[in-house]
Amino acid sequence: MEKPNVESITGLSPAISIDQKSTSRNPRSTVGTVTEIYDYIRLLYARIGTPHCPNCGKKIEKQSIDQIVDTVMDLEEGTKIQILAPVIRGRKGEYTKLLSDFNKEGFVRVRVDGEVFELTDDINIDRKKKHNIEIIVDRLIIKEDIRSRLTESVETALRFANNLVLVDIVGATSGRPQNER
Ligand SMILES: [Zn+2]
């Protein structure tokens, strides 16, 4: 482009210029993905946005172990819960080695796509499909004296699931875990 014949121009709004490409035949391509603007927008929102839970609209925040334990202890006495370590979330694979490693670590049960298995079972996972795998770290009933065991189990889940823990209320009606944090 030829440069305009002036010294300076002020007050112009920032502009985004988009290259026209016709390389992609993928029907899922959009102006956003072809130009890669989508990637930048995603990055922008990941940095400056405030994530909210898509199920209940609550703000998603980092919590300390004590905060997590306090929230769980606030549940009604007698509530049955499971502490899970979500080790695989929506990823394809067979995970035979992963499951046998967790068995060797001393864990007993695992939940694969919502279904509970013993780790010694012959678990067939379709490697071409996406899966959710959660190691069941502990099963507890809410009572005053479980705090230290609960803390330990939450710590274990966080350690194995890369700082994530899932608290499942056993018998809760929703298809999704009730207390996802
Ligand atoms: Zn929620």
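Not measured: the values here are computed from a predicted model.

> Give a detailed account of the overall build of the chain, specifying residues and quantitative values.
Along its length, the chain carries five helices and six strands. Reported as C-alpha extents along the three principal axes, the dimensions of the chain are approximately 80 × 35 × 30 Å. Out of the 181 residues in the chain, the part that is buried amounts to 28%. Sequence-distant contacts, at least 24 apart, represent 65% of the contacts inside the chain between residues at least 6 apart.

> Break down the packing of aromatic side chains for me, citing the residues and quoting the values.
Here the structure, examined in full by the defined rule, presents three aromatic pairs. Members of the aromatic cluster, each reached through a chain of ring pairs, are Phe102, Phe107 and Phe160.

> Tell me about the pattern of salt bridges, and please be specific about residues and values.
Pairing between side chains becomes possible if they bear opposite charge and their charged atoms approach one another. Counted by the stated rule, this structure contains eight salt bridges. Among the salt bridges present, the one from aspartate 101 reaches lysine 97, with a minimum N-O distance of 2.9 Å. A residue pair is termed a helical-turn pair when its members lie 3 or 4 positions apart in one helix, as aspartate 101 and lysine 97 do in helix α4 (residues 96-104) at four residues. On the basis of relative accessibility, which here comes to 30%, the residue aspartate 101 falls in the partly exposed class. Taking the shortest distance from any N to any O, the salt bridge between lysine 129 and aspartate 126 comes out at 3.8 Å. Overlapping salt bridges, with partners in common, bring together Arg111, Glu134 and Asp168 in one network.

> Describe the nonpolar core, listing the residues and the values that go with them.
As a rule of thumb, nonpolar side chains are buried together in soluble globular proteins. Formed by 33 residues in total, the largest nonpolar core has its most connected members in Val72, Ile81, Ile83, Val87, Val110, Ile133 and Leu150. Sorting the residues of this core by element identifies α3 (65-73), β1 (80-92), α4, β2 (109-112), β4 (130-141), α5 (147-160) and β5 (166-169) as the ones contributing at least two each. Among the elements that make up this core, the one with the highest residue count is β1 (five residues). Setting aside residues up to four positions removed in sequence, isoleucine 133 forms contacts with Ala85, Pro86, Val87, Ile88, Tyr95, Leu98, Leu99, Val110, Arg111, Val112 and Ile125.

> Can you explain the confidence of the model for the chain? Please cite residues and give values.
On average, residues of the chain score 89 in pLDDT, and 91% of them are at 70 or above. Within the chain, the element-level pLDDT minimum falls on strand β6 (residues 179-180), averaging 48, and the maximum on α5, averaging 97. Note on residues 175-181: pLDDT is under 50 here. Beyond four places in sequence and across chains, it has twelve contacts.

> I'd like to hear about a negative patch on the surface, residue by residue, with values.
A cluster of acidic residues, Glu76, Glu77, Glu144 and Asp145, forms a negative patch on the protein surface. Note that glutamate 144 resides in the loop between β4 and α5.

> So what's going on with α3? Residues and values would help.
For α3, every residue scored as buried is listed here: Ile68, Val69, Val72 and Met73. Viewed along the axis of α3, the buried residues span an arc of 130°, placing them on a single side of the element. Elements in contact with the buried residues of α3: β1, α5 and β5.

> A description of the pairing of β1 should follow, citing residues and the corresponding values.
Of the pairings in the sheet, the one linking β1 to β4 comprises eleven bridges and is antiparallel in character. Within β4, the position partnered with alanine 85 by the bridge is isoleucine 135. Sheet analysis places β1 next to β5, joined by four bridges and oriented antiparallel. Across the sheet, the residue bridging to leucine 84 is leucine 166, located in β5.

> Hey, could you go over the packing of α3 against α5 for me, with residue numbers and the actual values?
The contact between α3 and α5 brings their axes to 10 Å, and the two run at 125°. It follows that α3 is oblique to α5 by the angle criterion. Crossing of α3 over α5 shows right-handed handedness. Counted together, Ile65, Ile68, Val69, Asp70, Val72 and Met73 of α3 and Arg147, Leu150, Thr151, Val154, Glu155 and Leu158 of α5 form the full contact between these two elements. The residue makeup of the contact of α3 with α5, split by class, is eight nonpolar, one polar and three charged.

Cut-off values and rules
Residues numbered from 1 in each chain as written. Predicted model: local features only at pLDDT ≥ 70, side-chain atom pairs only at ≥ 80, totals over all residues. Heavy atoms only, no water. Helix = DSSP H or I, 4+ residues; strand = E, 2+ residues; numbered from the N terminus. Buried < 20%, exposed > 50% of the residue type's maximum accessible area, 1.4 Å probe, protein only. Contact = heavy atoms within 4.5 Å. Phe/Tyr/Trp six-rings, centres within 6.5 Å; stacked < 30°, edge-to-face > 60°. Salt bridge = Lys/Arg side-chain N within 4 Å of Asp/Glu carboxyl O. Core = buried A, V, L, I, M, F, W, Y, C linked by side-chain atoms within 4.5 Å. pLDDT = per-residue confidence, 0-100. Patch = residues over 30% accessible without salt bridge, like charges linked within 9 Å, V, L, I, M, F, W, Y side chains within 5 Å. Areas by Shrake-Rupley, 256 points an atom, 1.4 Å probe, with all protein chains shown as cover. Lys, Arg positive; Asp, Glu negative; His and termini not counted. Charge placed at Lys NZ, Arg CZ, Asp CG, Glu CD. Arc of directions from axis to C-beta. Pairing = 2+ DSSP bridges. Axes fitted to C-alpha atoms, helices over the stretch in contact; angles between N-to-C directions. Parallel < 35°, antiparallel > 145°, perpendicular 65-115°, else oblique. Left-handed = near helix turned anticlockwise from the far one by under 90°. Nonpolar A, V, L, I, M, F, W, Y, C, P; charged D, E, K, R; others polar.

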